[in-house]
Amino acid sequence: MVKNVKQTKKFEKKHLKGVLERRKVVQKIKQKEQIKQKKQAKKSQDDAFIKGPDGGKKPVHVKKNLGTAAAGEMTVDDFFQGGFEILDKKTKDASGKLGKRKRDEEESDAEKEQSADEGSDVDFSDDDISHDEVSDDEEDDEVVDDTAPTGMTKDAMASLAEKDPEFYKFLKENDPEALEFDENAEFSEIDELSGSEGEGEEPKKKKQKKDTKAADDENGSELTQKMIAKWKAQIEETKSLRAARQVVIAFRCAAHLNEDDDEKPQRYTINNPDAFNDILFLALKHIPEVLAHHVPVKESASGRAYVNTDTKKFRILSQLVKNYAASIIHLLGTLSDEPTLKLTISALEPLLPYLLSFRKLLKVLIKTVVAFWSQSASTEATRITAFLVARRLMVISDKGVRETVLKAVYQGLVQGCRLTNVNTVAGINIMKNSAAELWGLDQTLGYTTAFGFIRQLAIHLRNSIVNNKNNAFRNVYNWQYVHSLDFWSCVLAEHCSPLKEAEAGKESQLKLLIYPLVQVTLGAMRLIPTALYFPLRFQLLRSLLRLSRATDTYIPLASILLEVLNSAEMKKPPKSSTLKPLDFATAYKAPKSYLRTRVYQDGLGEQVIELLAEYFVLWSRNIAFPEFSLPVVVALKRWLKDSRKKSSGNNNGKIGTQLALLVQKIESNAKFIEDKRNRVEFAPNNRTQVEAFLRDFEWEKTPLGAFVVGQRKLRAEKRKMMEEARKEDEKRRREEEEEERLGKQAEDEEDSEEEEEEDHDDLAEDDDEEEDDEEEEEEEDDE
């Protein structure tokens, strides 16, 4: 039994994926063969109908009646003997009805077979997508068109020959048509669809021949602004699909500019920068308008978008949509200009309803958009534009796509916050605040995904506690883990607040995640309780303070701050140093050179006092504030008393003064609450009145609240001054680097000039020596 299990696992690991892929290929080929056989059967039935019951062997001698004879009563030879005369319209219609009825039966059978093979589950594969794969090799959940070409794409054919050469050889011998491919097959029916909207049959045929000839002339030609202006006029006037087709082809050439591919040459060559810009703006702005005109999007009351995918027009335009979207995705990887990048990303938003049927392409689009949203090099405008595309997709899509978007956004956030410094912290905050909104659009799905991610964080913490070897704690003590906990506090703070719940009229489903998140955060803070990681403790304390403030949830945090005060780093006298103050906003670990220094001790004291004030101000209006603050006040007074001792105290007057002021404000606030509490007439068991105590009183007007407001203003001014000083230092550093570069360049030019002069002198000396040698040789010859 064990052996069979091992063999099964080995088969799943090495062979299962290939077997499933081969089955898919065989299934597609079988479906194409069935359609092909039905077409042949239909053709044979039509031939039998035309030839008659005798198989066309009965001779027809009457030639004068050929002009009025019915098509079903004539053979092919008789038809050409009578010349190209127009048949009777009634007879033509009668014969056409029979053929049309048979084709309807064929299409209905094909649709039944297709519906049996299609699945309703969302399937996203991890393979990268190319233009050929987007055009012809979609997943099984996409629409199968009976009129589509039966050949394979070139990439799929090469992949099949490499992975399964025996099956490829079998297809080559028995069904070579299955291995044929056509690069321009995806646009073959757009001209017919556009022509069907014209005037009449004969003018339509003439126009199609003219356009086909023009297209053949344009193949391989240079793209000019005149051609672009012509397409633009046609699109603006009539929403022409022919013009849209040419624009998409030219846009694909622009997206693949400067990419050499001898096997697949591009339709147009672009040598003019103005033409390149014009085709970009034309495609990005007007192609979505053409699609909305021919295949309008409908939205339900809940915001879900709906596009009728059963129509022939959508099946034909789907190839154009896929190639257009794939070209945009490819173009995004080559752009660096911010306005063009923003325009290109925003062009994806109106395409989203049309791409919901193409899950493989949709996954690539999600990854691309999230990558721009999470890149540290992206500007604020680019991040916001990319986020709007992701948010729009969350609103209009189904549950499967929403789950994929949420997972991709969280993964991008974790990857984007790997590097945290002064320059990137603002972008990381934008990512966390914007992504937190997505988890409130579907709270049922948001709860399941958030629970899974918080559980992963808890597992990492447990593994670090149990297996505390070989720096296992580094799986927790890093920027990605810290920002993940902070992000989930942002999510719960935004969607579990009493105001949000009052607007929704019910309790938030995400509220159940507050307790596990707080437990994981508290465990991470106490994992390594050394002074080296006090900055990380302060980062996580701010996350819990935000959560407690927004959700009115009591979280005991005073004991964690008192642990910092009672540590050896704060009790012993510091040593003087010339180090600059540590920036606690962009650090989770202090350098070892900062330990036991006056600079680090002052920074820790300021952080403890600030966080204690922010913690107590949350409950400054609570009726139990005097009893709530009493143990902490006693501990702070004891610490102040010990710090003033000359033999064992730290003798840091700056921290002692600030901490004494905080104790004074806490005691004043306790007396304020006691005065208000003495005037009430309800008992402590009246929970409604207890919770309503000073609810309408502004917290800024309490003694502790006024102190905190003033401290916030001072810190904001200090932060502003430090930011200005940092920018000036960076500007000065850039100027110095530029001067050094120019000076080095000038020195290199001088050195090159000196070398040229030396080379010139050496050449002149060589010429003189050669002349002297020649003169000596002439004199010797004369002698």
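Anyway, here's the lowdown on the structure attached to this text. Treat the numbers as computed from the prediction; the structure is a model and nothing was measured.

## Considering the overall build of the protein
Each helix and strand in the protein was counted, giving 31 helices and four strands. Contacts in the protein between residues at least 24 apart in sequence constitute 73% of all its contacts with a sequence separation of at least 6. For the protein, the accessible area works out to roughly 45900 Å², and carbon and sulfur atoms hold 50% of it.

## A look at the packing of helix α16 (residues 359-374) against helix α18 (residues 399-416)
Where α16 contacts α18, the two axes come as close as 9 Å, and the packing angle between them is 30°. For the element pair α16 / α18, the angle class is roughly parallel. The handedness of the crossing between α16 and α18 comes out as right-handed. Of α18, the residues touching α16 (which contributes R359, L362, I366, V370, W373 and S374) are V401, T404, V405, A408, V409, G412, L413 and G416. Taken together, the residues that form the contact of α16 with α18 break down as nine nonpolar, four polar and one charged.

## As for a negative patch on the surface
On the surface, E747, D748, E749, E750, D751, E753, E754, E755, E756, E757 and E758 cluster together into a negatively charged patch. Inspection of the secondary structure assignment puts D748 in helix α31 (residues 703-782). Residue classification places D748 among the partly exposed residues on the basis of a relative accessible area of 45%.

## Structural notes on the side chain of T344
Secondary-structure assignment places T344 in helix α14 (residues 338-346). Classification of T344 by relative accessible area gives buried; the value is 0%. Among residues more than four places away in sequence, those in contact with T344 are L284, I328, L331, L332 and L335.

## Quick look at the side chain of E569
Locating E569 in the fold gives a position in helix α26 (residues 568-571). Looking at E569, the relative accessible area reads 6%, which means it is buried. A distance of 2.5 Å separates a polar side-chain atom of E569 from the backbone nitrogen of R596. Apart from the residues within four sequence positions on either side, E569 is in contact with A531, Y594, L595, R596, T597, Y600, Q601 and L604.

## Side note on the environment of Q480
Among the structural elements, Q480 can be located in helix α21 (residues 479-495). Taking relative accessible area as the criterion, Q480 reaches 18% and is therefore assigned buried. In the structure, Q480 is positioned 67 residues away from L413 in sequence and 8.7 Å away in space, judged by C-alpha atoms. The residues touching Q480, leaving out its near neighbours within four places in the chain, are V414, Q415, C417 and R418.

## Describing the environment of T657
Following the sequence through the fold, T657 ends up in helix α29 (residues 653-677). Placed 17 residues apart in sequence, T657 and L640 show a C-alpha to C-alpha distance of 9.2 Å.

## As for unusual backbone geometry
For D552, which is not glycine, the phi torsion reads 55° and is therefore positive. Along the chain, the position of D552 falls in the loop between α24 (534-551) and α25 (558-565).

## As for α29
Taking 1.5 Å per residue, 25 residues should reach 36 Å; α29 reaches 36 Å between its end C-alpha atoms and fits that length. Along α29, the residues classified as buried are I655, G656, L659, L662, V663, I666, N669, A670, F672 and I673. Among the residues of α29, the N-terminal cap falls to N652, whose side-chain oxygen and the backbone nitrogen of K654 are separated by 3.3 Å.

## A short note on the pattern of salt bridges
On inspection of all chains with the given rule, the structure shows 29 salt bridges. D602 is the partner of R598 in a salt bridge, and the nearest nitrogen-oxygen pair spans 3.5 Å. In this pair, R598 and D602 both sit in helix α27 (residues 598-617), four residues apart, roughly one turn of the helix. The partner of R715 in a salt bridge is E614, with the nearest N and O atoms 3.5 Å apart. Of this pair, R715 sits in helix α31 while E614 sits in helix α27, and the two are 101 residues apart along the sequence. On the basis of relative accessible area, R715 is assigned to the partly exposed category, the value being 21%. When its relative accessible area of 7% is taken as the criterion, E614 is described as buried. It is possible to trace a salt-bridge network through shared partners that takes in R542, R549, E610, E614, R712 and R715.

## Concerning the packing of aromatic side chains
Summed over all chains, the structure comprises 25 aromatic pairs. For the pair F616 and F628, a centre-to-centre distance of 5.5 Å together with 65° between the ring planes defines the contact as edge-to-face. In this pair, F616 is assigned in helix α27 and F628 in helix α28 (residues 625-643), connecting sequence segments twelve residues apart. Aromatic side chains F672 and F697 sit 5.6 Å apart centroid to centroid with 40° between the ring planes, which places their arrangement in the tilted category. Within this pair, whereas F672 is found in helix α29, its partner F697 is found in the loop between α30 (687-691) and α31, the two being separated by 25 residues in sequence. Since its relative accessible area comes to 18%, F672 is described here as buried.

## Looking at the environment of R621
Mapped onto the elements of the fold, R621 is located in the loop between α27 and α28. Put simply, R621 and F693 are 72 residues apart on the chain and 7.6 Å apart in space, counted from C-alpha to C-alpha. Beyond its immediate stretch of four places on either side in the chain, R621 contacts I673, F693, L694, R695, F697, E698, W699 and T702. Here the side chain of R621 touches R695 through a polar contact of 3.2 Å, landing on its backbone oxygen. Reaching out from R621, the side chain makes a polar contact with the backbone oxygen of F697 at a distance of 2.6 Å.

## Comments concerning the packing of α18 against α21
Contact pair α18 / α21: the axes reach a minimum separation of 9 Å and the direction vectors enclose 135°. One finds that α18 runs oblique with respect to α21. The element α18 and its partner α21 pack so that their crossing is right-handed. Facing α18, whose interface residues are Y410, L413, V414 and Q415, α21 presents Q480, S484, F487 and W488. Tallied by class, residues from the contact of α18 with α21 come to five nonpolar, three polar and no charged.

Calculation notes
- Every chain's residues receive numbers from 1 upward, in the order its sequence appears when written.
- Reporting in this predicted model follows two pLDDT cut-offs: at least 70 for local features of residues, and 80 or more for side-chain atom pairs to be given and counted; totals over whole chains, interfaces and linings ignore these cut-offs and use all residues.
- Values reported for side chains reflect all heavy atoms of the structure, with hydrogen atoms and water molecules removed beforehand.
- What counts as a helix is a DSSP run of H or I of at least four residues, what counts as a strand is a run of E of at least two, and both are numbered from the N terminus.
- Note on contacts: a residue pair qualifies if any of its non-hydrogen atoms lie within 4.5 Å across the two residues.
- Accessible surface area values rest on a Shrake-Rupley calculation with a 1.4 Å probe, where residue burial reflects the displayed protein chains alone.
- Axes here refer to lines fitted to C-alpha atoms; in helices the fit is confined to the stretch in contact. Angles between the N-to-C directions go from 0 to 180 degrees.
- Put simply, angles under 35 degrees are roughly parallel, angles over 145 are roughly antiparallel, angles from 65 to 115 are roughly perpendicular, and the rest are oblique.
- When the near helix sits turned anticlockwise from the far one by under a right angle, the crossing is termed left-handed; a clockwise turn instead gives a right-handed crossing.
- Lys, Arg, Asp and Glu make up the charged group, whereas Ala, Val, Leu, Ile, Met, Phe, Trp, Tyr, Cys and Pro make up the nonpolar group; the residues left over, Gly among them, are polar.
- Candidates for patches are residues over 30% relative accessible area with no salt bridge; among them, like charges are joined within 9 Å and nonpolar side chains (Val, Leu, Ile, Met, Phe, Trp, Tyr) within 5 Å.
- Salt bridges are defined by distance alone: a side-chain nitrogen of Lys or Arg within 4 Å of a carboxyl oxygen of Asp or Glu.
- Within this scheme the basic residues Lys and Arg register as positive and the acidic residues Asp and Glu register as negative, but His and the chain ends are omitted.
- In plain terms, the charge of a residue is placed at NZ if it is Lys, CZ if Arg, CG if Asp and CD if Glu.
- Buried, partly exposed and exposed residues are distinguished by accessible area as a fraction of the type maximum, computed with a 1.4 Å probe on protein chains only: under 20%, between the cut-offs, and over 50%, respectively.
- Each polar contact in these results corresponds to two N or O atoms within 3.5 Å; when the atoms are within protein, one needs to be able to donate a hydrogen and the other to accept it, and residues that are neighboring in sequence are counted only if both atoms are side-chain atoms.
- What a helix is expected to span follows from its residue count: subtract one and scale by 1.5 Å.
- Ring pairs are drawn from Phe, Tyr and Trp, using the six-membered ring of Trp, whenever the two centres fall within 6.5 Å, and their geometry is named by plane angle: stacked under 30 degrees, edge-to-face over 60, tilted for the rest.

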